[in-house]
Amino acid sequence: MPDARRRPRAALAMSQDAATAVFGPDETAALAAVCEPAPFPVLDDLRTERARAVLATTEVLVTGWGCPPVDEAVLAAAPRLRAIAHSAGSVRNHLTEACWERGIEVSSAAAANALPVAEYTVAMTLLANKRVLERARDYRTTRSRDNWLHTDRTIGNYRRTVGVCSASLIGRRVIELLRPYDLQVLLYDPYVTEADAAALGVPTVGLEQLFAASDVVSVHTPLLPATRGMVSRALIGRLRPGATLINTSRGAVLDQDALTDAVTAGRIHAVLDVTEPELLPADHPLWDCEHALLTPHLAGSQGNEWRRLAELTVSEVARWAAGDGFAHPVHRERLAFLA
């Protein structure tokens, strides 16, 4: 338990670029007000002589994108380490079993990073149902307006059905943000109870029903061994003609070959913020497909949204230093369900 009478010794462990992006001058000053951070540069290699010297007195490690694995050797050099506050989402890339064996308390800023992803999803859902991108492209090409009273009745957001795959932090926020609209929202998540679904205000359905009934399906399923390729060719085939598939989770959750076939054939539309691999080959057919929108993993926190990550992290360090524990803890037993 930290000593509430003093500021704990801290160190930042992440890439230099991540530190510069997330912790600007104001955020760095705020962090210094609640702990005693080691002088810059941050630790982007935990095995150097300087890193070992810093870790020897570190009580809380503030991590971020590019943090090296915190393994047994690192922990041996950090005998006083009791907490890790992650300033991004997933902790899978740097937390090891040794951290849990030590009993280190862990926090993540996943809740903060979920917000812009959900906003992106809602924006893309509304744009997809109005076919904004395709109609804007046609308008730019023809330089003329069609008679708006002849608009196809499949276009619009009134009483359309949106299927949300997984009640993750992001999925739950998407459901919340969609409430003001005249949309029906369906949820697939085998771990959601009837009480949880009632609290969310949405009906739960099977995965096949979700794909068959939805005009837009948004995937928020974490990439785990059990979910790799979960959105199969058969499921993609159940999407109604003209439906839109949005993926902001991980590319490998989808059968990308099957998706490519369906999109390039013009049967469905796709909004993909992630792909497998993360950067598609230059000659991949999705690049030039008029029914696909590819964005460079930009749904998550970027630009001024990084401040939200830093502010949550500073708040978590302050709580821990005061002996109140983390408000956004990561629990060992939940790792199998987390991204």
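Residues numbered from 1 in each chain as written. Predicted model: local features only at pLDDT ≥ 70, side-chain atom pairs only at ≥ 80, totals over all residues. Heavy atoms only, no water.

**Quick notes on helix α12 (residues 256–264)**
- Taken residue by residue, α12 has Gln256, Ala258, Leu259, Thr260, Ala262 and Val263 as its buried positions.
- At its buried positions, α12 is contacted by α11 (233–238), β9 (244–247), β10 (269–272) and β11 (292–294).
- Among the residues of α12, the N-terminal cap falls to Asp255, whose side-chain oxygen and the backbone nitrogen of Asp257 are separated by 3.3 Å.
- Once α12 ends, the next one or two residues include Gly266, with phi positive near 80°. (Buried < 20%, exposed > 50% of the residue type's maximum accessible area, 1.4 Å probe, protein only. Helix = DSSP H or I, 4+ residues; strand = E, 2+ residues; numbered from the N terminus. Contact = heavy atoms within 4.5 Å. Polar contact = N/O pair within 3.5 Å; in protein donor to acceptor, adjacent residues only side chain to side chain.)

**Some details on the UniProt feature "domain: D-isomer specific 2-hydroxyacid dehydrogenase catalytic" (unreviewed entry) in the chain**
- This chain's UniProt record puts "domain: D-isomer specific 2-hydroxyacid dehydrogenase catalytic" (unreviewed entry) on residues 52–330.
- Across residues 52–330, the secondary structure splits into 36% helix and 14% strand, with the terminal C-alpha atoms separated by 26 Å. (UniProt positions renumbered as here; feature names shortened; annotations may be inferred.)

**Focus on the UniProt feature "domain: D-isomer specific 2-hydroxyacid dehydrogenase NAD-binding" (unreviewed entry) in the chain**
- Residues annotated by UniProt as "domain: D-isomer specific 2-hydroxyacid dehydrogenase NAD-binding" (unreviewed entry) correspond here to residues 125–299.
- Within residues 125–299, the helical portion is 31% and the strand portion 15%, while the C-alpha atoms at the span's ends are 13 Å from each other.

**Here we look at the pairing of strand β1 (residues 9–13)**
- Where burial is concerned, most of β1 is hidden: four out of the five residues are buried.
- Bridge analysis of β1 against strand β3 (residues 60–63) gives four bridges, and the strand direction is parallel. Bridged to Leu12 within β3 is Val62. (Pairing = 2+ DSSP bridges.)

**Concerning the nonpolar core**
- Core analysis: the largest hydrophobic core is formed by 29 residues, its most contacted members being Leu210, Phe211, Val231, Leu245 and Leu259.
- Looking at this core, the elements that each hand over two or more residues are β7 (183–188), α10 (207–213), β8 (216–219), α11, α12 and β10.
- Residues within four places of Leu245 in sequence aside, it is in contact with Phe211, Val217, Val219, Val231, Leu239, Leu254, Leu259, His269, Ala270 and Val271.
- One finds Ala13, Val70, Leu75 and Ala98 within the second-largest nonpolar core, a separate group that totals 25 residues. (Core = buried A, V, L, I, M, F, W, Y, C linked by side-chain atoms within 4.5 Å.)

**So, the state of the cysteines**
- The tally for this structure, following the rule as stated, stands at zero disulfides.
- Here Cys67 stays free of any disulfide, with the sulfur of Cys99 as its closest cysteine sulfur at 8.9 Å.
- By relative accessible area, Cys67 is classed as buried at 9%. (Disulfide = S-S within 2.5 Å.)

**As for the sheet that holds β7**
- Spatially, six strands are ordered β7-β6-β8-β9-β10-β11 in an open sheet, and the strand pairing comes out parallel. Both edges of this open sheet fall to β7 and β11, since each of them pairs with a single strand only. The average angle at which neighbouring strand axes cross in this sheet is 15°, direction not considered.
- Set on the sheet, α12 makes contact with β9, β10 and β11; between it and β10 the angle comes to about 130°. (Axes fitted to C-alpha atoms, helices over the stretch in contact; angles between N-to-C directions.)

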